[in-house]
Structures are given as structure tokens and as C-alpha cells.
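Architecture at a glance
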Amino acid sequence: MAANGRIGKVGFVSLGCPKALVDTERVVTELRAEGYLIAADYKEADIVIVNTCAFIDAAVAESLEAISEAMRENGRVIVTGCLGGKTEENGENWVRSRVPAVLGVTGPDSLEDTLRLVHQNLPRPHEPFDDLVPAAGLKLTPAHYAYLKISEGCSHHCTFCIIPSLRGDLVSRPIGSVLKEAENLVRGGVKELLVISQDTAAYGLDVRYRTGFVGGRPVKTKMLDLARELGDLGAWVRLHYVYPYPSVDEVIPLMAEGRILPYLDVPFQHAHPDVLKAMKRPASAEKNLERIRAWREICPDITIRSTFIAGFPGETEEQFEYLLDFLREAKLDRVGCFAYSPVEGAAANALPGQLPDEVREERRNRFMQVQAEISREVLARKIGSVQRVLIDESEDEDGVAVGRTTADAPDIDGLIYVTTDRHLEPGNFVDVTVTANQEYDLIGRIV
């Protein structure tokens with residue numbers, strides 16, 4: 001209870017990737033089940049939880065600013081997430097050394113420790129019945145889609161990344177638990193499941209693809225088996241953060257059959273073999289081009305999205321041009337690019353050939369100019385086609401709703417603007433004829 005005897009209210013700020021958002025949803029669900037209320041702003045909150053990110057320096061700065069703002073506006077703050085797990089060389093907690101007045105700090109995937117801090121600073125109001133909270137938990141995404149986290153941590157040690165030091169090595173969730181959560185989400189009205197982890201293709205590797213049980217049936221803890229099971233639930237299933245291992249080839253036929261969405265999020269990061277070696281990435285450009293061609297032969301409608309880093313330490317102009325040539329040949333559907341940013345604690349900081357900020361940013365801009373032309377070409381080919389669309393926003397006063405095709409993940413990909421003569425609700429599926437395209441978005445009319 002709050003000091004005056006009323007039920008305590010907890011405010012939330014969630015930063016970073018969808019994996020962090022899932023962690024926030026777990027905390028929200030548990031606190032709501034315990035009877036706490038969720039505050040809409042700093043003013044009405046008795047306590048504020050800030051879930052932080054520490055992937056790159058810009059994310060660290062954003063997280064520190066969010067913590068500082070919460071302290072200014074409220075003053076009773078618990079910090080959790082990746083930045084919460086960061087330590088100084090002397091072992092002192094990084095956040096506490098900078099904002100010592102916070103109520104407490106926990107690291108990523110620290111549900112119990114975070115709840116314990118809330119209980120210490122805002123006693124539990126009562127013990128409500130479990131059915132006061134939906135079986136799928138409370139979600140911070142719109143009601144019609146949800147992120148499904150299948151594992152925690154990562155066993156790769158890429159030189160530009162500190163995720164393994166923050167979240168540890170790969171730990172796969174039991175497949176029965178994952179599928180139970182997915183079933184509850186779909187039963188609760190979710191129309192799209194976005195499968196996430198640090199390395200989705202490695203799901204189950206840490207437990208040697210152990211056999212679990214789903215409804216009394218044996219099912220292996222493996223990406224292929226998981227995708228097959230999810231494909232039977234009747235929702236869109238979208239795979240994110242899939243390293244380009246040979247095992248990914250097995251999943252493509254499920255896309256061709258319509259069991260899961262023909263969409264693959266593959267973080268290639270670069271194409272030149274020397275840069276990939278410096279990054280310690282488990283891939284090569286030649287094999288990736290062959291694999292992309294093979295995927296498209298099996299599933300011509302497949303959408304491939306990826307992310308890249310421009311201006312990595314030691315990257316020469318010739319190596320960057322090699323990357324641009326890869327981009328032109330691969331013709332990936334959706335692409336993002338970051339100018340290399342040093343992250344405190346990352347091995348890449350010690351590599352020779354650190355490039356000036358202006359060179360990194362100039363290369364990122366050139367990369368995106370090339371991709372913009374590719375994107376326009378890819379989208380122009382869709383004019384006249386009929387696309388299945390999931391509506392995200394109802395029509396405005398001009399009769400234009402906003403949705404996404406199978407090629408578009410929320411927040412990171414494009415949109416389709418749908419002219420309609422009837423009312424559409426978020427979560428509706430409609431068929432749309434594409435009439436025009438912009439640089440990254442489509443325009444269409446409902447069939």
C-alpha cells in the first residue's frame with residue numbers, strides 16, 4: 001500500500017529492443033497480479049521502474065537521460081535492464097556510481113530481484129486471484145500483436161557487442177512453456193506473433209535440442225519444430241534475429257506452404273570477409289548470396305530484412321564498396337544501417353583503424369542511398385498486386401487506414417496506407433490492391 005493506505009501505483013519506462021519490452025511486460029504482469037495499479041505518468045506514480053538499454057553509446061546516453069528524468073519528475077526510481085547490469089572496472093555498479101539516489105538497480109532478466117525492490121519500497125496491497133490477469137500476461141504492444149521471446153542471452157562474442165557480458169550465454173526456454181504462452185496470446189486475440197531472441201536460429205542448441213512435451217506430444221526444442229507448431233495456431237508468425245546458419249534452410253518450406261510468414265530477419269552486419277572476421281561474425285558473403293538465392297527459389301515471395309554496420313574499425317573504402325556491391329546483388333527487401341559506434345567494454349574498441357565520426361556517418365548515408373533505390377525498385381514491382389494486410393490504425397477522416405503487409409514488421413519496416421469505404425479496426429485482416437509506392441511504404445485500396 002502507498003503511505004496513505006491507497007493501492008500503490010507503479011510507472012514504467014521501457015527502452016531498447018523488443019526483448020527488453022518483453023521483460024517489462026513480465027514485470028507489469030506480475031505486479032498487476034499482486035494488486036498494484038499501473039500509473040499513466042510520473043505524477044501519479046508512487047514508484048517508477050526504468051528498463052534500460054546499453055547496446056551502443058547512444059542507447060546508454062538515452063537510458064541515463066531517462067533515469068535522470070524519472071528522478072527529476074518523481075524521485076523514487078528503480079533501474080533494471082542491460083544498463084543496470086553494467087559495472088565499472090572496480091566492480092561498482094555503473095548506474096549507482098552516476099545516480100546514487102535511485103532506490104535500487106537490477107540487471108537484465110531479473111524479474112524476482114526487481115519485484116523484491118518494489119515490495120521493499122511499495123508494500124504489496126493484497127493477494128488477488130490469479131484470474132484477474134489474462135493468461136497471456138499484460139502486454140505493452142497493441143492488442144493484435146505480441147513479441148514471443150524464446151531464449152535469453154547469446155553465445156556469440158561479436159567484437160562490437162557486449163550483450164553476452166550483460167545477459168550471459170544462450171539459455172533456451174522450454175518449448176512447452178513457449179508454446180503455452182503463444183496459445184494464450186492467440187486465444188487472447190493476438191493476430192501476429194513476433195518471435196525474438198538474441199539468436200533465434202540457435203534455439204535449443206544449449207540443451208542439445210532436448211525433447212519437450214506439448215499437449216502430451218514430444219516436440220524438440222529447435223527452431224524448425226517451434227516454427228511448425230506456431231504455424232498451427234492460426235496467427236501470423238514472424239521470425240526475427242535469425243543468424244544465417246544452414247539449419248535456417250529447413251524453415252523456408254514452411255514459408256512457401258503458408259505455415260509461417262515468408263519473412264526472415266537476418267542480421268548480416270557486413271559482407272567483406274576481412275571485416276566479418278574482425279567482427280567475429282559466423283558468416284561469409286559468398287555463402288550468404290548463395291543461401292539468399294536458394295531461399296528465393298524455394299519461396300519466391302520471401303522478404304529478407306537485415307542490418308549492417310558502416311565504418312567498422314579498419315574498414316577500407318574498398319571493403320565498404322564491396323559491401324555496397326553485395327547490397328546491389330542481394331537486393332534485400334528491408335535494410336537498416338548503423339554508423340559504427342564504440343560501446344564501452346566491447347573488444348572492437350581496441351582494434352586498429354578507428355575511423356572518424358564523419359567518415360562513419362558519410363558511409364552510412366551512402367549505404368542508405370543505395371538501399372533507397374533498391375527499396376523503390378522492390379516496392380514498385382508490387383504495384384497491381386493484391387496484398388494481405390493487417391490493420392494497425394483505423395481510417396482517418398479521409399478514409400485512409402494504416403496497416404502492414406507480410407513484408408513489414410512493426411516499428412522497423414514500412415507501412416501500407418489503405419483507402420477504405422468501410423470501418424476497419426486494428427487487428428483486422430483485409431486484402432488490398434497496391435496502387436502506388438513511396439521510398440519505403442506502399443499505397444493501396446481495399447479490395
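For clarity, every value in this text was computed on a predicted model and none was experimentally measured. (Residues numbered from 1 in each chain as written. Predicted model: local features only at pLDDT ≥ 70, side-chain atom pairs only at ≥ 80, totals over all residues. Heavy atoms only, no water.)

One turn of an α-helix holds 3.6 residues; hence residues three or four places apart share an orientation. Taking 1.5 Å of rise per residue, the 16 residues of helix H1 (residues 18-33) would be expected to cover 22 Å, and the 22 Å separating its terminal C-alpha atoms lies within 8% of that figure. Within the span of H1, buried status applies to Pro-18, Lys-19, Ala-20, Leu-21, Val-22, Asp-23, Thr-24, Glu-25, Val-27, Val-28, Thr-29 and Leu-31. (Helix = DSSP H or I, 4+ residues; strand = E, 2+ residues; numbered from the N terminus. Expected span 1.5 Å × (residues − 1). Buried < 20%, exposed > 50% of the residue type's maximum accessible area, 1.4 Å probe, protein only.)

Right, let's talk about the packing of aromatic side chains for a bit. By convention here, two paired aromatic rings are described through the distance between centres and the angle between planes. Per the counting criterion, the structure on display carries nine aromatic pairs. When the ring of Trp-236 is compared with that of Phe-429, the centres are 5.1 Å apart and the planes differ by 55°; the resulting orientation is tilted. Of this pair, Trp-236 sits in strand E12 (residues 236-239) while Phe-429 sits in strand E19 (residues 429-437); the two residues are 193 residues apart in sequence, bridging distant segments of the chain. Residue classification places Trp-236 among the buried positions, given a relative accessible area of 10%. Of the residues examined, Phe-429 reaches a relative accessible area of 27% and is grouped as partly exposed. Both rings, one in Phe-308 and one in Phe-367, keep their centres 5.3 Å apart while their planes meet at 45°; by these two values the pair is tilted. Residue Phe-308 is located in strand E14 (residues 303-310), and its partner Phe-367 is located in helix H12 (residues 357-380); the two are separated by 59 residues in the primary sequence. Just as Phe-308 is buried, Phe-367 falls in that class too. (Phe/Tyr/Trp six-rings, centres within 6.5 Å; stacked < 30°, edge-to-face > 60°.)

This part takes up the environment of Val-248. Position of Val-248 relative to the elements: it lies in the loop between E12 and helix H8 (252-256). The class for Val-248 is buried, based on a relative accessible area of 1%. Residues Val-248 and Leu-264, spaced 16 residues apart in sequence, show a C-alpha to C-alpha distance of 9.5 Å.

Our next topic: the pairing of strand E4 (residues 77-81). A regular strand places its side chains so that they alternate between the two faces of the sheet. Of all five residues in E4, five are buried, a share of seventy percent or more. Where the polypeptide runs from strand E3 (residues 47-52) across helix H2 (residues 57-73) and back to E4, its parallel neighbour, the crossover connection is right-handed. Of the strand pairs in this sheet, E4 and strand E5 (residues 104-105) are connected by two bridges, and their pairing is parallel. Note on E5: the bridge partner recorded for Ile-78 is Gly-104. (Right-handed = clockwise from strand over helix to strand, strands pointing away. Pairing = 2+ DSSP bridges.)

For the rest of this paragraph, the subject is the sheet that holds E4. The sheet built from five strands is open, its strands ordered E2-E1-E3-E4-E5 with parallel pairing. On the outer flanks of this sheet lie strand E2 (37-38) and E5, each paired with one strand and no other. Pairing analysis gives five bridges linking E3 to E4, with the strands arranged parallel. Following the sheet pairing, Thr-52 is matched in E4 by Gly-81. Against the sheet, H1 makes contact with strand E1 (9-14), E2 and E3, and its axis sits at roughly 175° relative to E1, the strand it touches most. In the packing of H2 onto the sheet, the strands contacted are E1, E3 and E4, and the crossing angle to E3 comes to about 175°. (Contact = heavy atoms within 4.5 Å. Axes fitted to C-alpha atoms, helices over the stretch in contact; angles between N-to-C directions.)

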